Amino acid sequence: MATQEQDFLALVKQINLLDMNLTLIDWDSHTNLPQDGASFRGELTGYISGQELALRTGTAMGKFLDYFAAHPAELDEKGQQVLRLVKKDYDLNHDIPAEDYAAYQQVVSDAQQVWEQARVAQDFSLLQPYLEKIVAFKKQFIPYWKRGQATDYDVLLDQFEPGMTVAQLDPIMDTLKAGIQKIQRTLATRGTQPRTDFMSRAVPEAVQERLVRATVSRLGYDFKKGNLSRSTHPFTVALNRGDARITNRYGVHDFQMALLGGIHEAGHGLYMQNFNPDYDYTPLADAPSMGLHESQSLFNEIFIGRNAAFWQGEYSRFQQATGDIFTDIDEATFYQGFMATKPTMIRTEADPLTYPLHIIVRYELEKALFNGDTTVAELPALWRQKYQEYLGITPANDTEGILQDIHWAGGDLGYFPTYLLGQIYAAQFYHTMSQTLPVNDILASGDYSQITQWRKDNIHWFGASLTPQALIKQVSGEVLNPQYWLDWMTATFEKAYQVTK
């Protein structure tokens, strides 16, 4: 006779199997779906999503949560960890009136279509009434979600980065703003501007794809457990640890975008391929947070892909893969051009030194919006003001300004800080790893297996069994510290810009 724990985990597995179907459908929608199949696909997605939501928030799940609240000793350690995540998800969705949640989903669906129109028209006012409704719904829902957080915005942060708060983020943001400005002044006054003309040389897409495939394989991404496809925007989907697929895009005159994009997504995929097998079919087979998921893609992209030691070993392979395209460019010149930094208007095109400033703008606006210091109508002017203040540039129109991201139209308020947290987590992991491994020697050798294994053993294996705070403390021995990011960026960009002492 099955125990209550076995029955509970069986229900969790049913939910996970439906999630796998939705994940596979999503991957196919972005890679293979014929144009005329979209409406049928939408109906299929809606049907399976409804089945999955009914299991996650239904009567059976509620009974299990009540039972184990009264009988916690009947769950082993894994069961307790699963219960923690399942209960949080249940509480997030169960108490909101169904008709209100359905109305919110409809507004989000409409808003994303209007966002497309507003971008074409370069006019935020088209999106404004929809975003006002989204914000109003979020404010209506926050009391259902609140679990003792100090501010309303903390509630939203917690949905993407459990345990993160404004009180923690504010000093991190201030430290980074000051540190980035200091690095920029140093580069401007004591550095040598890199040569960058060769960065736009034409590299055939097929050559780029072969290069990405070979590079990410050496970085540990396992093609027996994955797949590399093409899509408009690169992304990663993982059905399970045996099927974690990545996509990439290519531009003939932008080989850097393709190479770093592939390396980035392979970092996500590597994470998903290496969870503890005991976590299969449970929410433990995931990252503890969006920031920690980003930490592994950014570990790949920034702390390996933009590392001078990496290019010491990699550049000869890069030249061989690209034929005679870069034979006149030596390794030092190439690396310096590869690391050129300057403020850009578009977040997704930013280099790693200026990227945090884009996130800080969004963080400060979201925080002000939910803590009562501004309104949706005031956002475009505040956006322009902060871009001028932090990056020294002002958007010419709403499309290259406040309309550049779909996140707010999609209801993902509180999400943006996780991109920046990912860089900070990655820097701290890299620093910790460097205490026990000769990282520069390993990178220069071209055999990255020791680095891959360290990440598997110390980060990937644990999945979502630990909270973000517990994982960073277990790995590094301290809480999240932005100074490691600043130290690495300072040393790396001073090298690339040949800063004089």
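Residues numbered from 1 in each chain as written. Predicted model: local features only at pLDDT ≥ 70, side-chain atom pairs only at ≥ 80, totals over all residues. Heavy atoms only, no water.

Undergrad: Whenever I open this one, the packing of aromatic side chains confuses me. Can you help?
TA: Remark: the centre distance and the inter-plane angle together describe each pair of aromatic rings, the angle taken between the planes. As enumerated under the stated definition, the model contains 39 aromatic pairs in all. Plain terms: the ring middles of Tyr101 and Phe141 are 6.4 Å apart, the flat faces sit at 40° to each other, and that makes the pair tilted. Taken together, the residues span a long stretch of sequence, with Tyr101 in helix α5 (residues 98-121) and Phe141 in helix α6 (residues 128-145) at a distance of 40 residues. By relative accessible area, which is 23% here, Tyr101 ends up partly exposed. On the basis of relative accessibility, which here comes to 0%, the residue Phe141 falls in the buried class. Here Tyr153 and Tyr363 contribute two aromatic rings whose centre-to-centre distance is 5.9 Å and whose plane-to-plane angle is 50°, an arrangement assigned as tilted. Taken together, the residues Tyr153 in helix α7 (residues 152-160) and Tyr363 in helix α14 (residues 355-370) connect sequence positions 210 residues apart. (Phe/Tyr/Trp six-rings, centres within 6.5 Å; stacked < 30°, edge-to-face > 60°. Helix = DSSP H or I, 4+ residues; strand = E, 2+ residues; numbered from the N terminus. Buried < 20%, exposed > 50% of the residue type's maximum accessible area, 1.4 Å probe, protein only.)

Undergrad: Looking at this structure, I do not really get the sheet that holds strand β2 (residues 236-240). What am I missing?
TA: By way of backbone hydrogen bonds, the strands of a sheet pair with one another, either parallel or antiparallel. Spatially, β1-β3-β2 is the arrangement adopted by the three strands of the open sheet, whose pairing is mixed. Two strands close off the open sheet at either side, each with one partner strand: β1 (228-230) and β2. For this sheet, the mean angle separating the axes of adjacent strands, direction not counted, is 25°. Relative to strand β3 (residues 243-248), β2 runs antiparallel, the two being bridged by four bridges. The residue of β3 that forms the bridge with Ala238 is Ala244. Sheet contacts for helix α9 (residues 205-218): β1 and β3; angle to β1, the most-contacted strand, approximately 150°. Across the sheet, helix α10 (residues 255-272) touches β2 and β3, and the angle it forms with β3 is around 170°. (Pairing = 2+ DSSP bridges. Axes fitted to C-alpha atoms, helices over the stretch in contact; angles between N-to-C directions. Contact = heavy atoms within 4.5 Å.)

Undergrad: Teacher, can you tell me more about the packing of helix α8 (residues 166-190) against helix α16 (residues 417-434) here?
TA: The description of two helices packed together rests on the angle between their axes and the distance between the axes. Relative to each other, α8 and α16 sit at 70°, their axes nearing to 12 Å. Taken together, the axes of α8 and α16 lie roughly perpendicular to each other. Along this stretch, α8 crosses α16, giving a crossing that reads as left-handed. Residues Leu169, Ile172, Met173 and Leu176 of α8 form the contact with α16, whose participating residues are Pro417, Leu420, Leu421 and Ile424. (Parallel < 35°, antiparallel > 145°, perpendicular 65-115°, else oblique. Left-handed = near helix turned anticlockwise from the far one by under 90°.)

Undergrad: Just checking my understanding: could you explain the pattern of salt bridges for this structure?
TA: Two side chains that carry opposite charge are able to pair once their charged atoms sit near each other. As enumerated under the stated definition, the model contains 22 salt bridges in all. Notably, a salt bridge pairs Glu209 with Arg230, separated by 2.9 Å at the nearest N-O pair. Residue Glu209 is located in helix α9, and its partner Arg230 is located in strand β1; the two are separated by 21 residues in the primary sequence. Using a relative accessible area of 19% as the deciding quantity, one classes Glu209 as buried. Among the salt bridges present, the one from Asp405 reaches Arg362, with a minimum N-O distance of 2.7 Å. Of this pair, Asp405 sits in the loop between α15 (379-391) and α16 while Arg362 is found in helix α14, placing the two residues 43 residues apart along the sequence. Under the relative-accessibility criterion, Asp405 is labelled buried at 10%. Using a relative accessible area of 0% as the deciding quantity, one classes Arg362 as buried. Where salt bridges share partners, they join Glu52, Arg56 and Asp89 into one cluster. (Salt bridge = Lys/Arg side-chain N within 4 Å of Asp/Glu carboxyl O.)

Undergrad: Can you help me understand helix α4 (residues 77-94) in this one?
TA: An α-helical segment advances 3.6 residues per turn. Residues three or four places apart therefore align on the same side. For α4, spanning 18 residues, the distance from its first C-alpha to its last is 25 Å, which sits close to the expected 26 Å at 1.5 Å a residue. Where α4 is concerned, the buried positions are Lys78, Gly79, Gln81, Val82, Leu83, Val86, Tyr90, Asp91 and Asn93. Along its buried surface, α4 packs onto α1 (4-31), α2 (38-57), α3 (59-70), α5 and α6. Taking the backbone nitrogen of Lys78 as reference, a side-chain oxygen 3.3 Å away marks Asp76 as the first, capping residue of α4. (Expected span 1.5 Å × (residues − 1). Polar contact = N/O pair within 3.5 Å; in protein donor to acceptor, adjacent residues only side chain to side chain.)

Undergrad: Even after reading the chapter, I still don't get the nonpolar core, so can you show me in this structure?
TA: One broad trend across soluble globular proteins is that nonpolar side chains are buried collectively. Core analysis: the largest hydrophobic core is formed by 128 residues, its most contacted members being Trp311, Phe334, Trp408, Phe429, Leu443 and Trp485. The biggest single contributor to this core is α16, with ten residues. With sequence-adjacent residues up to four places away left out, Trp311 is seen in contact with Leu259, Gly305, Phe318, Glu331, Phe334, Tyr335 and Phe338. If you look at the next biggest cluster of nonpolar residues, it comprises 15 residues, including Phe8, Met61, Leu65 and Val86. (Core = buried A, V, L, I, M, F, W, Y, C linked by side-chain atoms within 4.5 Å.)

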